[in-house]
Amino acid sequence: YGDHGEAFGEHPGNFAHTFFINEENVRVPLVFAAPGAIRGTSRLSRLASVVDIVPTMLDLLGLPPQPRHQGESLLPASSRMAFFYTDYSIGWLGLADGCWKYLYELDSKRSRLFDVCADPGETRDQVSEHPDHVAAYRDRVLAWAAAQKDLVQRRQ
C-alpha cells in the first residue's frame, strides 16, 4: 500500500505529495497476497483506507475484529466513507463517499465538492449545486477530526 499518491501539477501548486488531498494525492493501490486464504484474484474498486488493513488481515486469518481498530475488513462487499487529511502547510480535511469527494480547508473554512466519477480531475466544484451534501459532509469531517484529536490526547 501507499500512504499517499504523487502529484505532478494536475492542480495549481500541487507537486509531490504533501500539501493537498486531490485525487492524485490520496488515491493509491492496495494489494493483498493471501495464498490459501483467497481463491483466485479479486479487484475491488470501492473506497478503502489504511485503517482497513489490519482488520482485513485479521479477517483473512479468521480472527475477530478488535474494538480499538477504526477500520473495517475489506472482504465484505459493503461500501463506506473514507476520511483523509493533510497536516502540512494548509490544513485540509476530506472524505470520499462513493462518487462524491468533499474537501474542507480548516483556515478559510472553505468547502469544495466534486463528483469524481463524472469529473475525476476535480475541475468542477459543485458546492453551490449541493448545499445539503456540503453541510452534512462538513459536519462529518469536523466530527471525525475532533474524534481523532480526542483519541490522540487520551493516549498521551
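Refer to the structure above for everything that follows.
Residues numbered from 1 in each chain as written. Predicted model: local features only at pLDDT ≥ 70, side-chain atom pairs only at ≥ 80, totals over all residues. Heavy atoms only, no water.

**Overview of the pattern of salt bridges**
Spelled out, the test is: Here, a salt bridge means any side-chain nitrogen of Lys or Arg that lies within 4 Å of a carboxyl oxygen of Asp or Glu. Here's how the labels work: a residue is buried when its accessible area is under 20% of the maximum for its type, exposed when over 50%, partly exposed in between, all with a 1.4 Å probe on protein chains only. Comment: elements are numbered from the N terminus, with helices defined as DSSP H or I runs of at least four residues and strands as E runs of at least two.
Under the definition given, this model contains five salt bridges. Note that Glu-105 and Arg-110 form a salt bridge whose closest N and O atoms lie 3.0 Å from each other. With a relative accessible area of 12%, Glu-105 lands in the buried category. Residue Arg-110 is classed as partly exposed on the basis of its relative accessible area of 41%. A salt bridge links Arg-154 to Asp-150, with the shortest nitrogen-to-oxygen separation between them at 3.1 Å. Taken together, the positions of Arg-154 and Asp-150, both in helix H3 (residues 131-155) and four residues apart, correspond to about one turn of that helix. Judged by its relative accessible area of 38%, Asp-150 is partly exposed.

**Here we look at the environment of Tyr-85**
For clarity, the threshold we go by: The contact rule is simple, with two residues in contact once any of their heavy atoms fall within 4.5 Å.
Relative to the assigned elements, Tyr-85 resides in strand S3 (residues 82-86). On a C-alpha basis, the gap between Tyr-85 and Pro-131 in space is 22 Å, while along the polypeptide they are 46 residues apart. If we ignore the near neighbours within four places in the chain, the residues touching Tyr-85 are Ile-21, Trp-92, Leu-93 and Trp-144.

**Section: H3**
The following threshold applies: A helix is expected to reach a length of 1.5 Å times the quantity of its residues less one.
Under the 1.5 Å per step criterion, the end-to-end length of H3 is 36 Å for 25 residues, consistent within 8% with the ideal 36 Å. Here H3 has its buried residues at Val-134, Tyr-137, Val-141, Trp-144 and Leu-151. Its buried side turned inward, H3 meets S3, strand S4 (92-97), strand S5 (100-105) and strand S6 (110-115).

**Quick look at the state of the cysteines**
Note the cut-off: Cysteine sulfur atoms that come within 2.5 Å of each other are treated as a disulfide pair.
Under the defined criterion, the tally for this structure stands at one disulfide. Here Cys-99 is linked by a disulfide to Cys-117, with a sulfur-sulfur distance of 1.9 Å. Its S-S torsion of about -85 degrees marks the bond between Cys-99 and Cys-117 as left-handed, since a negative value means left-handed. Here the residue Cys-99 occupies a position in the loop between S4 and S5, and Cys-117 occupies one in the loop between S6 and H3, the gap between them amounting to 18 residues. Here Cys-99 falls in the partly exposed class, since its relative accessible area comes to 33%.

**What about the pairing of S6?**
If a strand is regular, its side chains alternate between the two faces of the sheet. Basically, it comes down to this: We treat two strands as partners when DSSP finds at least two bridges between them.
Sheet topology places S5 next to S6; six bridges connect them, and they run antiparallel. Across the sheet, Lys-101 pairs through a bridge with Phe-114, a residue of S6. The turn joining S5 and S6, which pair antiparallel and follow one another in sequence, is formed by four residues; a positive phi near 60 degrees is taken by Lys-109.

It is worth stressing that arrangement in space is one thing and function is another; only the former is reported here.
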